[in-house]
Amino acid sequence: MKKKLAVLLCTAMAVSSLAGCSSGAKDPGKDQEKTKKEDTQDKTEGKEDGKDVLTLEFFQQKSEEAAQVGYQNIIDKFNEQNPDIKIEMNTVPDAPTVLTSRVASGDIPVIFTDFPTQLQFHQKVANGYVQDLSEQGFLKNVEQSALDMTKQEDGKYYALPFSRNYMGVWYNMTIFKENNLEIPKIWEEFVSVCNTLKEKGVTPLGLHGKDPGRVGHTFQCCTVAFDPEGVETIEKTVAGEGKIEGDEGFQKVAEKMLTLLDYSNEDALALSDMQCYENFANGQYAMCITGSYARGTIMIANPDLKLGVFPLPNDTRETTNTLSGIDAAVCISAKASEEEKAGAYRFLEFLAQPENAQLFCDAEGAPSCITGVVHKDEGVQPMLELISDGQVHDWMASTIDNNVVTDLYNVTQGFWSEKNVDNYLKQMDESIAITSAE
């Protein structure tokens, strides 16, 4: 890759064009022409004590403020301790689409985050876009269970697993205490908690449905929680070996989603995730269904909030599963120069040190994949216990084509508006038939 790699000033360009950023312009109002000497400095953007400073783009896909704060804390520390390298984080809206476009155009960021359990990542590896990290010593700092999840078909590792994610029911501990409520372990208890809150004039649940992607996360959470075989049913439907319509498991998923909507804020379909988190943080709802990625953002909105989380419960504790996977994994472009790869290895090694990974965990709140990092928030223990017990299911895109999954998000958003179970299940089949044939 012969381009300079992007800096934060390029973000707007990447969003508008869905193409890779060029680091040629540090100040749009200054020199537009390059000298021949400048053209030869593709890998450097400054000097430190007379030496060239290697600037590397870190393209990361998490839009939440807390995650960006966590990464930036590590980057600032790394840059200070490594004056010959400068890491610059690049965060753009619709990051997956932007990254896909950049990979296709050959403008792959030297360092980028991705989702190594998903099919789209397997394809990047198969096409030779991602650097093999199997021999890198920093992988020894990763919890074995997390590392095992990222092994590719050739038995090698192409990503540094950095944090896990999960979907759950976040709750305001103060509101629960004021109303003498206990954490519900089964669906019947959850409904009872919602009824008690509603009777006392408290909106039980905050949901956000403006973005179909976030609706999709709730859909995945409900599918895994309420139907232990739900994801596999979708897989069979994609393969032409089954149907959603008439499936008893998905009938329950749809009906329980309607129950959640009945107990939620009336403006759920018009509400953005960030506004929902702010409302929840400030006490407008007692609970909010979202991912671990939102914890840090919620706490930024109200640092004094006493926040806890529990799994969305099924009819029994034994049949309750939570949606959980590798949330952040850091990769290196196989197309980068050897100099760039050497600098990137140093950054990943830095990330994998427990004291640095702790900075991210403290800011963002997701469980770390790095051995030795301690999750300091006791409020997440009910969720961590379920994950520790192995009652988890990975995200749908790990086994189902992402186009199929994404279209199901749109179908589910329509269901939240229409609230017709039979029509919803039928539309899921129709959506799968179309997207799986593409």
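The preceding data block contains the structure.
Definitions and limits used
- Residues numbered from 1 in each chain as written.
- Predicted model: local features only at pLDDT ≥ 70, side-chain atom pairs only at ≥ 80, totals over all residues.
- Heavy atoms only, no water.
- Helix = DSSP H or I, 4+ residues; strand = E, 2+ residues; numbered from the N terminus.
- Buried < 20%, exposed > 50% of the residue type's maximum accessible area, 1.4 Å probe, protein only.
- Contact = heavy atoms within 4.5 Å.
- Axes fitted to C-alpha atoms, helices over the stretch in contact; angles between N-to-C directions.
- Parallel < 35°, antiparallel > 145°, perpendicular 65-115°, else oblique.
- Left-handed = near helix turned anticlockwise from the far one by under 90°.
- Nonpolar A, V, L, I, M, F, W, Y, C, P; charged D, E, K, R; others polar.
- Polar contact = N/O pair within 3.5 Å; in protein donor to acceptor, adjacent residues only side chain to side chain.
- Salt bridge = Lys/Arg side-chain N within 4 Å of Asp/Glu carboxyl O.
- Pairing = 2+ DSSP bridges.
- Phe/Tyr/Trp six-rings, centres within 6.5 Å; stacked < 30°, edge-to-face > 60°.

Participant: Would you take a moment to explain the overall build of the protein for this structure?
Facilitator: Scanning the protein for helices and strands turns up 18 helices and 10 strands. In the protein, which comprises 438 residues, the proportion classed as buried is 55%. Long-range contacts, defined here as pairs at least 24 residues apart, represent 76% of the contacts in the protein between residues at least 6 apart.

Participant: Please clarify how the packing of helix H8 (residues 187–199) against helix H11 (residues 248–262) should be interpreted in this entry.
Facilitator: Each pair of packed helices can be described by the angle between their axes along with the distance between the axes. Where H8 contacts H11, the two axes come as close as 11 Å, and the packing angle between them is 20°. In terms of their interaxial angle, H8 and H11 are classed as roughly parallel. With respect to the hand of their crossing, H8 and H11 are arranged in left-handed fashion. Across from Trp187, Phe190 and Lys198 in H8, the residues of H11 making contact are Lys256, Thr259, Leu260 and Asp262. Of the residues belonging to the contact of H8 with H11, the class tally is three nonpolar, one polar and three charged.

Participant: Looking at this model, I keep getting lost on unusual backbone geometry. Mind explaining?
Facilitator: Negative phi values dominate among residues other than glycine, just as trans dominates among peptide bonds. Unusually for a residue other than glycine, Asn180 sits at a positive phi of about 55°. Structurally, the position occupied by Asn180 is in the loop between helix H7 (173–178) and H8. By relative accessible area, Asn180 is classed as exposed at 67%. Backbone geometry at Lys419 places phi at a positive 60°, although glycine is not the residue there. Counting through the fold element by element, Lys419 comes out in the loop between helix H17 (402–418) and helix H18 (421–435).

Participant: Looking at this structure, I do not really get the side chain of Thr223. What am I missing?
Facilitator: Of note, Thr223 is situated in helix H9 (residues 212–226). Take Thr223: its relative accessible area is 0%, and that puts it in the buried class. In terms of polar contacts, Thr223 uses its side chain to reach the backbone carbonyl oxygen of Phe219, at 2.8 Å. Those residues within four positions of Thr223 in sequence are excluded, and the remaining contacts are Gly230, Val231, Phe250, Val253 and Met396.

Participant: I'm lost on the pattern of salt bridges in this one. Help?
Facilitator: Should the charged atoms of two oppositely charged side chains come close, the side chains can pair. Tallied over the entire structure, the rule returns 17 salt bridges. A salt bridge links Glu64 to Lys62; the nearest nitrogen and oxygen atoms lie 3.6 Å apart. Like Glu64, the residue Lys62 is buried in the burial classification. The salt bridge partner of Arg214 is Asp273, with a shortest N-O separation of 2.8 Å. Taken together, the residues span a long stretch of sequence, with Arg214 in helix H9 and Asp273 in helix H12 (residues 273–281) at a distance of 59 residues.

Participant: Can you help me understand the pairing of strand S7 (residues 285–291) in this one?
Facilitator: Sheet faces and side chains relate simply in a regular strand, where the side chains alternate between the two faces. Counting buried positions along S7 yields seven of seven residues, so the element is predominantly enclosed. Sheet topology places strand S5 (residues 160–172) next to S7; five bridges connect them, and they run antiparallel. Within S7, the residue paired with Trp170 across the bridge is Cys288. Here strand S6 (residues 203–206) runs beside S7; their pairing, made up of three bridges, is parallel. Note that in S7 the partner of Thr203 across the bridge is Tyr285.

Participant: What am I meant to see in the packing of aromatic side chains here?
Facilitator: The description of two aromatic rings rests on the distance between their centres and on the angle between their planes. Taken as a whole, this structure holds 13 aromatic pairs when the rule is applied. On the basis of an interplanar angle of 65° and a centroid distance of 5.6 Å, the ring pair of Phe58 and Phe347 is categorised as edge-to-face. You can see Phe58 sitting in strand S2 (residues 51–59) and its partner Phe347 sitting in helix H14 (residues 338–351), a full 289 residues away along the chain. Judged by relative accessible area, Phe347 falls into the buried class, the value being 1%. Relative to Trp170, the ring of Tyr166 has its centre 6.0 Å away and its plane inclined at 20°; by these criteria the two rings are stacked. Its relative accessible area of 0% is what places Tyr166 among the buried residues. A network of ring pairs unites the aromatic residues Phe58, Tyr71, Phe78, Phe162, Phe347, Phe350 and Phe360 as a single cluster.

Participant: Honestly, the environment of Asn314 in this entry has me stumped. Any pointers?
Facilitator: Looking at where Asn314 falls in the secondary structure, it is placed in the loop between strand S8 (307–310) and strand S9 (322–332). Owing to a relative accessible area of 4%, Asn314 belongs among the buried residues under this scheme. C-alpha separation for the pair Asn314 and Phe226, spaced 88 residues apart in sequence, amounts to 5.2 Å. Dropping the residues within four chain positions of it, Asn314 is found in contact with Ile186, Trp187, Ala225, Phe226, Pro228, Lys256, Thr319 and Thr320.

Participant: What is the right way to look at the environment of Asp362 in this model?
Facilitator: Along the polypeptide, Asp362 turns up in helix H15 (residues 354–364). The partly exposed category is assigned to Asp362, whose relative accessible area is 38%. A C-alpha to C-alpha distance of 7.6 Å links Asp362 and Gly70, two positions 292 residues apart in sequence. Leaving out residues up to four positions away in the same chain, Asp362 has contacts with Arg295 and Lys376.

Participant: Can you walk me through H12 in this structure?
Facilitator: When we look at burial in H12, the residues that qualify are Asp273, Cys276, Tyr277, Asn279, Phe280 and Ala281. In the core, the buried residues of H12 are packed alongside S5, S6, H9, S7, helix H13 (295–301) and S8. Gly283, located one to two residues past H12, shows a positive phi value of around 90°.

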